[in-house]
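Report on the structure
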Amino acid sequence: MQISIVIPLLNEQESLKELHDWIAQVMQSNHFLYEIIFIDDGSVDGSWQTIEELSNANANVKGIRFLKNFGKSQALHAGFKAAKGEVVITMDADLQDNPEEIPDLYTLVVEEGNHVVSGWKKKRYDSIITKNIPSKLFNWAARRTSGLQLHDFNCGLKAYKKDVIKSIEVSGDMHRYIPVLAKNAGFSKITEKVVQHQARKYGNTKFGAERFINGFLDLITIWFVSKFGRQPMHLFGALGVLMFIVGFGFSIYLGVDKLFLNPTGRLITERPQFYLALTAMLIGTQLFLAGFLGEIIVRSRKSDTRYTISDKINV
């Protein structure tokens, strides 16, 4: 198996057959051994029936159906788990990604040795106000935070060496940051390729403006997890000890001042420094305990079920 094409979808019945025929034509003209894995993320429009029809006509088509909508990251996780190809290509089901890009993406992974190739929709056919400008701000923040100089983190068209997708865990809404997850896992050869973006032909986008807010929050999360996810005590413990030392230092100063320097002055409880010292020591203790509990959780956690599969085809 040379290529696995993983396609998460939600209510994209109108575009599925056209997308399948387009991909199959590209695969056959390039003589690739391939599989197409559709992950139906809880569609209610007959998408699953279309996938069943496509699989009956083409044995290379496989399908995974979720019991309900669990999100794109969970759909990609299920697709990655089932993928068998040497190179795994992800793309959206709305016909905005061009399957003609697949041979070049495959070459960049196999022949040039890249671990991840991320698509860059340099020319977009989306709304400038609601998508283009927020996307530029989001990508700028992602570059600054992650250190990866990619122009389009959110492009659905990406290519991965099989080892990459079998080594990382995609959960929550982290599908935007798979290149960052790959980098954190030690896969350093990450590049990008300008790809063609096409206007949506059927239906409406499934993502609203809130995706940018969630994207920024996820960016903070992945930064924290990448640095302290395995050893939370290094952050919380250090901050806790620092706060406790500051509070304890204030306490010593107040004690020395009251006992030796100014014994006839105000009561300690009437001085604001007393409450600053008390607060600092309490916060320090709480931060240290948070780090300690985090260490216990990291060492004892078990992988939980993030989605429920109701049907499979050829998987």
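Scroll up to find the structure.
Definitions and limits used
Residues numbered from 1 in each chain as written. Predicted model: local features only at pLDDT ≥ 70, side-chain atom pairs only at ≥ 80, totals over all residues. Heavy atoms only, no water. Helix = DSSP H or I, 4+ residues; strand = E, 2+ residues; numbered from the N terminus. Buried < 20%, exposed > 50% of the residue type's maximum accessible area, 1.4 Å probe, protein only. Contact = heavy atoms within 4.5 Å. Areas by Shrake-Rupley, 256 points an atom, 1.4 Å probe, with all protein chains shown as cover. Pairing = 2+ DSSP bridges. Axes fitted to C-alpha atoms, helices over the stretch in contact; angles between N-to-C directions. Salt bridge = Lys/Arg side-chain N within 4 Å of Asp/Glu carboxyl O. Right-handed = clockwise from strand over helix to strand, strands pointing away. 1 Å grid on protein atoms, 1.4 Å probe; cavity = no way out; pocket = protein on both sides within 12 Å on 5 of 7 lines; lining within 4 Å. Points joined across faces, edges and corners; volume = space filled by probe spheres on them.

When you go through the protein residue by residue, the secondary structure sums to 10 helices and 8 strands. Buried residues in the protein amount to 46% of all 315 residues. Across the protein, the fraction of contacts at a sequence separation of at least 24, relative to all contacts at a separation of at least 6, is 81%. Here the protein displays about 16,400 Å² of accessible surface, and carbon together with sulfur accounts for 58% of that area.

Strand order in this open sheet of 8 strands is S7-S5-S6-S4-S1-S2-S3-S8, and the pairing throughout is mixed. At either margin of the open sheet sits one strand with a lone partner, and together these are strand S7 (190-194) and strand S8 (309-313). The mean inter-strand angle of the sheet, taken between neighbouring strand axes irrespective of direction, is 15°. Pairing between strand S3 (residues 61-66) and S8: 4 bridges, direction antiparallel. Bridge pairing links Arg 65 to Asp 311 in S8. Packed onto the sheet, helix H1 (residues 13-29) meets strand S1 (3-9), strand S2 (34-40) and S3 and runs at close to 160° relative to S2. Sitting on the sheet, helix H4 (residues 102-110) touches S1, strand S4 (87-90), strand S5 (116-120), strand S6 (158-161) and S7, and the angle it makes with S4 is about 140°.

Let us now look at the pattern of salt bridges. The full count for this structure, using the stated rule, is 7 salt bridges. In this structure, Lys 62 and Glu 35 form a salt bridge, with 2.6 Å as the shortest nitrogen-oxygen distance. Of the two residues, Lys 62 is situated in strand S3 and Glu 35 in strand S2; the sequence distance between them amounts to 27 residues. Accessibility expressed as a relative area gives 10% for Lys 62, which makes it buried. Judged by its relative accessible area of 0%, Glu 35 falls in the buried class.

Next up on the list: the pairing of S2. Most of S2 is tucked away, with 7 of its 7 residues classed as buried. Burial along S2 is two-sided: the face carrying Tyr 34, Ile 36, Phe 38 and Asp 40 and the face carrying Glu 35, Ile 37 and Ile 39 are both buried. Of the pairings in the sheet, the one linking S1 to S2 comprises 7 bridges and is parallel in character. Its bridge partner lying in S2, Ile 3 is registered against Tyr 34. Handedness of the S1-H1-S2 crossover: right-handed. Across 5 bridges, the pairing between S2 and S3 is parallel. If you follow Ile 39 over to S3, its bridge partner there is Ile 64.

All of the buried residues along H4 are Ile 102, Pro 103, Leu 105, Tyr 106, Leu 108 and Val 109. Next to the buried residues of H4 lie S1, H1, S4, S5, S6 and S7.

Let us look at empty space enclosed by the protein. Per the counting criterion, the structure on display carries 1 cavity of 30 Å³ or more. For the largest cavity, the calculated volume is near 100 Å³. Taken together, 15 residues make up the lining of the largest cavity; nearest its centre are Lys 72, Leu 76, Cys 155, Gly 156 and His 175. Those elements that place two or more of their residues in the lining of the largest cavity are helix H3 (72-82) and S6.

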